[in-house]
Amino acid sequence: MTLKLPLIILVCAALALSACASASDSSSAAEGSSVEVALEYNGQFGEAVFNRICSDITFGDKPVTFPFTLDELGEDFVLDKEFGEGDSGAFAATLVRGGKKLGSISYYAEKGVDIRKQKCIGFGAYHWNGAMGQEMNISFGGIGFESDASDITDLLGSPTEKTELSSGAQYIYRLSDTKYVSFDLNSDNKVIGLGIYMI
C-alpha cells in the first residue's frame, strides 16, 4: 500500500508534465502560424506575397481570387461587349456588376470556348475624379482607392519600378515581364489605379 501512493504521484506528475509540454507545443504551433500569416505582407515583395495578393482581392462585398472566370464571379458580373464564339486572341472589355463599372479585364481567348469560362490574364481599375457609375470599393491585398503610397510600401516594400508622372507616380511590383501588380498614385500620393497581370 505504501509503494502504491508514490507510484500514483509519479504517474500523475508525468501526465501533468506531458499535458504542459503538449500545451506548449500547441502554443508554439499557433504562434508559428500567426507569424507565418504576418510574414505574408512583411515589406518584402516576392512570389509568396504576389500569390497572397491574388487571393486577397475584393470587388465591393465580393472576395475574388485572380485569375478568375466570369462564372466564378457570378451571374451579376458581365462584360460591356460580346465576344464571338468564333473569335480568338487578345480581348479586352469593361467588367460590370449591377450597372457599376469595375475596371478593364483582359483575356487571351480560346476559339470556341465560352468567354465566361475562360480565365482572365489581367484586370485594372482606375478612378477619375467624379467618375460616375463606378464601383469604388475595390482592393488588392487591402490596398484600395485613396490608400496612401506609404500603405503600399509598408506592406510590399520598395517597388520594383517607380515612374514619376506629371499627375503623380506609378509603382510596379514585378516578378517577371508578364507577372506583376501596379498602383497609380495622384499628386497627393493617393491610389487612383490598381492593376494585376499574369499574361
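See the structure shown above.
Keep in mind it's a predicted model, so treat the numbers as computed, not measured.

What follows covers the pairing of strand β9 (residues 161-165). In terms of strand pairing, β9 meets strand β10 (residues 168-176) through five bridges, oriented antiparallel. In the strand pairing of β10, Lys162 is matched with Tyr171. Hairpin remark: β9 followed by β10, antiparallel, with two residues in the connecting loop.

Attention now moves to the packing of aromatic side chains. According to the stated counting rule, one finds 10 aromatic pairs in the structure shown. Aromatic pair Phe59 and Phe68: ring centres 5.9 Å apart, planes at 90°, arrangement edge-to-face. Given a relative accessible area of 1%, Phe59 falls into the buried group. Its relative accessible area of 2% is what places Phe68 among the buried residues. When the centroid spacing of 6.4 Å and the interplanar angle of 40° are considered together, the rings of Phe59 and Phe77 count as tilted. Here Phe59, found in strand β1 (residues 57-59), pairs with Phe77, found in strand β3 (residues 77-79); they are 18 residues apart in sequence, far enough to count as distant.

Membership of the largest hydrophobic core comes to 42 residues, with the highest contact counts inside it found for Phe59, Phe68, Leu95, Phe123, Phe140 and Ile196. Ignoring sequence-local partners within four residues, the contact set of Ile196 consists of Phe50, Ile53, Cys54, Ile57, Phe66, Ile121, Gly122, Phe123, Phe140, Tyr180 and Val181.

This part covers the sheet that holds strand β6 (residues 122-126). By definition, the strands of a sheet pair up through backbone hydrogen bonds, in either a parallel or an antiparallel sense. On the basis of which strands lie adjacent, the open sheet formed by eight strands has the order β3-β4-β5-β6-β12-β11-β10-β9 and antiparallel pairing. A strand with exactly one partner marks an edge of an open sheet, and here the two such strands are β3 and β9. Between one strand axis and the next, the sheet turns by 20° as a mean value, whatever way the strands run. Where β10 and strand β11 (residues 179-186) come together, eight bridges link them in antiparallel fashion.

Before going further, it helps to examine helix α4 (residues 149-156). Those residues of α4 that fall on the buried side of the exposure criterion are Ala149, Ile152 and Leu156. For α4, the angular spread of the buried residues around the axis is 65°, confining them to a single face. Tucked inside the fold, the buried residues of α4 contact α2 (47-54), β8 (143-144), β10, β11 and β12 (191-198).

What follows deals with the sheet that holds strand β7 (residues 138-140). Here four strands make up an open sheet; going across it, the order is β2-β1-β7-β8 and the pairing antiparallel. Where the open sheet ends on each side, the last strands, each with one partner, are β2 (62-64) and β8. Sheet analysis places β7 next to β8, joined by two bridges and oriented antiparallel. Following the sheet pairing, Phe140 is matched in β8 by Ile143.

Looking at where Asn186 falls in the secondary structure, it is placed in strand β11. A distance of 2.9 Å separates a polar side-chain atom of Asn186 from the backbone nitrogen of Asp188. Setting aside residues no more than four positions away along its own chain, Asn186 makes contact with Ser167, Gly168 and Ile192.

One pass over the full model with this rule turns up nine salt bridges. Between Asp71 and Arg116 there is a salt bridge whose closest N-O contact spans 3.1 Å. Within this pair, whereas Asp71 is found in helix α3 (residues 70-73), its partner Arg116 is found in the loop between β5 (100-109) and β6, the two being separated by 45 residues in sequence. Between Asp71 and Lys117 there is a salt bridge, and its shortest N-O distance comes to 2.9 Å. Within this pair, whereas Asp71 is found in helix α3, its partner Lys117 is found in the loop between β5 and β6, the two being separated by 46 residues in sequence. Connected via shared salt-bridge partners are Asp61, Asp76 and Arg97.

Conventions we followed
- Residues numbered from 1 in each chain as written.
- Predicted model: local features only at pLDDT ≥ 70, side-chain atom pairs only at ≥ 80, totals over all residues.
- Heavy atoms only, no water.
- Pairing = 2+ DSSP bridges.
- Helix = DSSP H or I, 4+ residues; strand = E, 2+ residues; numbered from the N terminus.
- Phe/Tyr/Trp six-rings, centres within 6.5 Å; stacked < 30°, edge-to-face > 60°.
- Buried < 20%, exposed > 50% of the residue type's maximum accessible area, 1.4 Å probe, protein only.
- Core = buried A, V, L, I, M, F, W, Y, C linked by side-chain atoms within 4.5 Å.
- Contact = heavy atoms within 4.5 Å.
- Axes fitted to C-alpha atoms, helices over the stretch in contact; angles between N-to-C directions.
- Arc of directions from axis to C-beta.
- Polar contact = N/O pair within 3.5 Å; in protein donor to acceptor, adjacent residues only side chain to side chain.
- Salt bridge = Lys/Arg side-chain N within 4 Å of Asp/Glu carboxyl O.

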